[in-house]
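# Structural features, examined
Below, each chain spelled out in residue letters.
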Amino acid sequence: MNPITSHSSPYKLILIVIGLVVSLHVLTAMALVMIKPQPVFEPEEVTPIEIELVTPTNIKEAAVVKEQAEPMTKPAAAPKAQVAKESKPVDKPKPVVKKQTVNDDKKAVEPKNKIVEDKPKVTPQPIKKQPTQVVNIPTQQELAAQKLREQRQRELAAQAEAEAAIQAENLRKQHQAQRAEQDKANAAKEAQKIAAERQAQADAQAKAEQQAKAAAEALAAKQAAKRALEQAAQQQAVKEAAAQAASNEPADYGNIGQSSWLREPVFTSIQNKDYGFRGVEAAIRVSMVVDASGNISNIKISKSSGKNAFDRDFVKALSRAKLNPATRGNAPTKSIANFSFRMKL
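Residues numbered from 1 in each chain as written. Predicted model: local features only at pLDDT ≥ 70, side-chain atom pairs only at ≥ 80, totals over all residues. Heavy atoms only, no water.

### A look at the packing of aromatic side chains
Here is the rule: Paired rings are identified among Phe, Tyr and Trp, the last through its six-membered ring, by centres lying within 6.5 Å, and are further divided according to the angle between planes into stacked (under 30 degrees), edge-to-face (over 60) and tilted (the rest). Helix and strand assignments come from DSSP, with helices taken as H or I runs of at least 4 residues and strands as E runs of at least 2, each series counted from the N terminus. Burial classification: accessible surface area is computed with a 1.4 Å probe over protein chains only, and a residue below 20% of its type maximum counts as buried, one above 50% as exposed, and the rest as partly exposed.
Counted by the stated rule, this structure contains 8 aromatic pairs. On the numbers, 5.4 Å between centres and 80° between planes, the contact of Tyr275 with Phe310 is edge-to-face. Placement of the pair is Tyr275 in the loop between helix 3 (268–271) and strand 3 (281–290) and Phe310 in helix 4 (residues 308–318), with a sequence separation of 35 residues. Judged by relative accessible area, which is 10%, Tyr275 ranks as buried. Given a relative accessible area of 0%, Phe310 falls into the buried group. Relative to Phe341, the ring of Phe314 lies with its centre 4.8 Å away and its plane at 35°, an arrangement referred to as tilted. With a gap of 27 residues between them, Phe314 in helix 4 and Phe341 in strand 8 (residues 335–344) connect regions that are remote in the sequence. For the pair formed by Phe314 and Phe341, the shared burial category is buried.

Shown next, in the form of structure tokens:
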């Protein structure tokens, strides 16, 4: 059996129930049409009695007043059958006698024989009879058959209603079972969805933890590399500082020979000058700083000649000279040189 979706099943069930209700109404209408109406018995019309009035002929009065008595008719029959009572005869009207006054002798004497005027005979109008409706009175067999038909129709209607109720109940149970199956499928689907979401959350959490671990490891490696770089930089700085310190510290120039001079010192001015040595050889020893260009500076007398004037003029003449610079790593560098000088005056 194919599953019915939860949206289409209620509409289908409603349409089926409406069809069953309409069918029951049609069956009820057909049963009412087939039922014969009960006959209505009307009372038979009673023919009224005709009464004829006769005028008496022996009247002593001379003149007779004409009077006519109309026959009395009974009204039409009432809905219920009643026997019309005979109408009582109407009393005969008394004739009106004209009195004769005897004032005039010439008037005729009353005749002995009275003349009676014949009264015309009144013919009553016939009463129109209303048409009588013929009613067929059913027999006991027909009534029994009709009752059986009515009972059969009621049984059929009750059976149809019971079948419709049973069918509606079956449809309700079927829809309930389908709804339960659909709910079960939805619950399973929801459980799968929840499990998938939990698995996705677990995977995401594991991935996040792995990423966090990798990030922590990368950060630690970066920090370690940074620390290594810093240490290397510190070591390089120490080396550079040492090198700078070493480069700033003058190197030992060594012995100054004849080839060491770029520009030799000129001592002519002090050779012809009398400093009071009196044939004694003047000897002096100095230390000096030679820069990377070979210029001489910061001359210090480490051993004086004994004559301040000579020492002063010697330093002045020596400062004008220029040496080849000392080298460190094939590069000119600052150095300290010691120079001893002897002169016979």
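### Quick look at the sheet that holds strand 4 (residues 296–303)
Put simply, the test is: Paired strands are those between which DSSP finds at least two bridges. Interaxial angles span 0 to 180 degrees and are taken between N-to-C directions of axes, which are lines fitted to C-alpha atoms, for helices over the stretch in contact.
Spatial ordering of the open sheet is given by 1-8-3-4, a layout of 4 strands whose pairing is mixed. At either margin of the open sheet sits one strand with a lone partner, and together these are strand 1 (251–254) and strand 4. Adjacent strand axes in the sheet meet at a mean angle of 30° when their direction is disregarded. Sheet topology places strand 3 next to strand 8; 10 bridges connect them, and they run antiparallel. Directly across from Ile284, in strand 8, lies its bridge partner Phe341.

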